[in-house]
Amino acid sequence: VRPRVFVTRQLPGEALGRLGRHVDLRVWDDELPPSRDTLLAEAANAEGLVTLLTDRVDAPLLAAAPGLRAVSNVAVGYDNIDVPACTTRRIPVGNTPGVLTDTTADFAFALLMGLARRVAEADAYVRAGKWRTWSPTLLLGTDIHGATLGIVGLGAIGAAVARRARGFGMRVLYVGRKARPELEAELGVRRVDKAALLAESDIVSLHVPLSSETRHWLGNEELARMKPGALLVNTARGGVVDQAALIEALRDGRLGGAALDVMDPEPLPTDSPLMTLPNVLLAPHIASASHATRGRMASMAVDNLLAALDGRRPPHCVNPELFP
Ligand code: GLV
Ligand code: GLV
């Protein structure tokens, strides 16, 4: 008999059609995620789950899902999943690294440029009929070329952002758990400590996964150490930033601006002060959202799930210790 699989949302491309040829497939067809109760009820009957970052896979869910043998997240990040709990249950967890690296770096750079050069404000200005003449002082921004970019986390995405920054004539610093001498040689980036990165960067861009070590990596103390007027770009996870502290720093003008693809919580409540601050550029968590990349992520998630259901190591497995 074919294994039962629950997928928490429709996915773009051919991947779910392919999955349906191998498993007994149920796909949640709503635009919004299944409720917690629905997810628990579906998981109770499932051997495989394909999840998104909106779906929490934790110990209570695993306890309600005795037949579960595989979890596949359609994302590179997996902070929505209690991986140690899955490992204890010997459930492989898959993710989708690599395919979204350049797409995400493109968007981080789009946010960086949009914030520095005030693209969204300029668009709103023209559409509102406010454009009356060419003005030497209209919508002045920050130069990108020649600026110092501080990259937090020089993993695949951080390195891809560094590569773009070099092309734009930026000076690039990074902090990271590991020194990356080969990237330092290739890209001319320099590893510094946290204090130096905060003090020297005109723009700080976050590229670390969310974990207990990175939660609120940027808080009050760190914001106070940033250059006056510096810009922040976040395409990582909202929880890496202490959002209340960020709002304060933006309000009192210590920070020049922030471009956020990720927030805490998501979706951002409509009454959040971030909604009305002028020096903020917001996007609804879309950094990996190109047609090609979202199709590849879905395909990779299906490959990971099918391998795990087959007792094989998923091509991209976040708890590979299950396959010594
Ligand atoms: C998106 O945020 C992802 O982790 O892939
Ligand atoms: C160059 O065009 C720049 O915007 O910095």
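This is a predicted model, so every value here is computed, not measured. (Residues numbered from 1 in each chain as written. Chains lettered and ligands numbered in written order. Predicted model: local features only at pLDDT ≥ 70, side-chain atom pairs only at ≥ 80, totals over all residues.)

A. The arrangement of the site of ligand 1 in detail. Around ligand 1 lies a shell formed by L53, A75, V76, G77, L100 and S288. A breakdown of the residues in the shell around ligand 1 according to their chemical character gives 4 nonpolar, 2 polar and no charged. (Near = placed C-beta within 6 Å. Nonpolar A, V, L, I, M, F, W, Y, C, P; charged D, E, K, R; others polar.)

B. Helix α11 (residues 243–251), seen in detail. Of all the positions in α11, only Q243, L246, A249 and L250 are classed as buried. Here the buried residues of α11 occupy an arc of 120° about the axis, which is enough to place them on one side. Next to the buried residues of α11 lie α10 (220–225), β11 (257–260) and β12 (280–282). Just past α11, the residue G253 takes up positive phi, approximately 80°. (Buried ≥ 20, exposed ≤ 12 C-beta atoms within 10 Å, placed from the backbone. Helix = DSSP H or I, 4+ residues; strand = E, 2+ residues; numbered from the N terminus. Arc of directions from axis to C-beta. Contact = placed C-beta atoms within 7 Å.)

C. Broad picture of the UniProt feature "domain: D-isomer specific 2-hydroxyacid dehydrogenase NAD-binding" (unreviewed entry) in the protein. Under the UniProt annotation, "domain: D-isomer specific 2-hydroxyacid dehydrogenase NAD-binding" (unreviewed entry) lies at residues 109–287. Across residues 109–287, helical content stands at 32% and strand content at 15%; the span's end C-alpha atoms are separated by 10 Å. (UniProt positions renumbered as here; feature names shortened; annotations may be inferred.)

D. Examining the nonpolar core more closely. Core analysis: the biggest nonpolar cluster contains 54 residues, and A108, L112, A162, V172, I203 and V233 have the highest contact counts within it. A total of 8 residues in this core trace back to one element, the largest contributor, which is helix α5 (residues 101–116). Sequence-distant contacts of I203, that is, excluding residues within four places in its chain, are made with L112, A116, A147, L149, A230, L231 and V233. Ranked by size, the runner-up nonpolar core spans 39 residues in total, among them V57, L68, A70 and I81. (Core = buried A, V, L, I, M, F, W, Y, C linked by C-beta atoms within 7 Å.)

E. Geometry of the sheet that holds β11. The strand order across the open sheet built from 7 strands is β8-β7-β6-β9-β10-β11-β12, with neighbouring strands paired in parallel fashion. Strand pairing shows two members of the sheet lacking a second neighbour, β8 (190–191) and β12, which therefore form its edges. α5 rests against β9 (203–206), β10 (231–234), β11 and β12 of the sheet, and its axis sits at about 150° to β10. Helix α7 (residues 156–167) rests against β6 (148–152), β7 (171–175) and β9 of the sheet, and its axis sits at about 165° to β7. (Pairing = 2+ DSSP bridges. Axes fitted to C-alpha atoms, helices over the stretch in contact; angles between N-to-C directions.)

F. Representation of the site of ligand 2 within the structure. Taken together, R117, D143, I144 and H145 make up the full set of residues adjacent to ligand 2. Broken down by class, the residue content of the shell around ligand 2 amounts to 1 nonpolar, 1 polar and 2 charged.

G. Region of the structure containing the UniProt feature "domain: D-isomer specific 2-hydroxyacid dehydrogenase catalytic" (unreviewed entry) in the protein. The UniProt entry lists residues 5–319 under the feature "domain: D-isomer specific 2-hydroxyacid dehydrogenase catalytic" (unreviewed entry), expressed in the numbering used here. The span residues 5–319 carries 35% helix and 14% strand; its end-to-end C-alpha distance comes to 20 Å.

H. Focus on the pairing of β11. Here β11 shows two buried faces, one formed by G257 and A259 and the other by A258 and L260. Bridge count for β10 against β11 is 4 bridges, and the pairing is parallel. Within β11, the position partnered with L232 by the bridge is A258. As a crossover connection, the stretch from β10 through α11 into β11 is right-handed. Relative to β12, β11 runs parallel, the two sharing 3 bridges. Residue pairing for β12: A259 is matched across the bridge by L281. (Right-handed = clockwise from strand over helix to strand, strands pointing away.)

I. Broad picture of the sheet that holds strand β2 (residues 24–27). Read from one edge to the other, the open sheet built from 5 strands follows the order β2-β1-β3-β4-β5, with strand pairing classed as parallel. The open sheet has two free edges, formed respectively by β2 and β5 (93–94), since each of these has just one partner strand. Looking at chain direction, strand β1 (residues 4–7) and β2 are connected through 4 bridges and run parallel. The residue of β2 that forms the bridge with R4 is D24. Across the sheet, helix α12 (residues 291–309) lies against β1, β3 (48–51), β4 (70–73) and β5, angled at about 170° from β4, the strand it touches most.

J. Seen up close, the pairing of β10. Here β10 shows a buried face lined by L231 and V233 and a second buried face lined by L232 and N234. Examined bridge by bridge, β9 and β10 share 4 bridges and lie parallel to one another. Bridged to S205 within β10 is V233. Chirality of the crossover, the property in question, places the unit of β9, α10 and β10 among those that are right-handed.

K. The confidence of the model for the protein, seen in detail. Across the protein, the average pLDDT comes to 98, with 100% of residues at or above 70. Within the protein, no element has a lower average pLDDT than helix α8 (residues 181–187), which sits at 96, and none a higher one than β9, at 99. Model confidence for the complex: the whole-complex pTM is 0.96, and ipTM, which rates the interface, is 0.73. (pLDDT = per-residue confidence, 0-100.)

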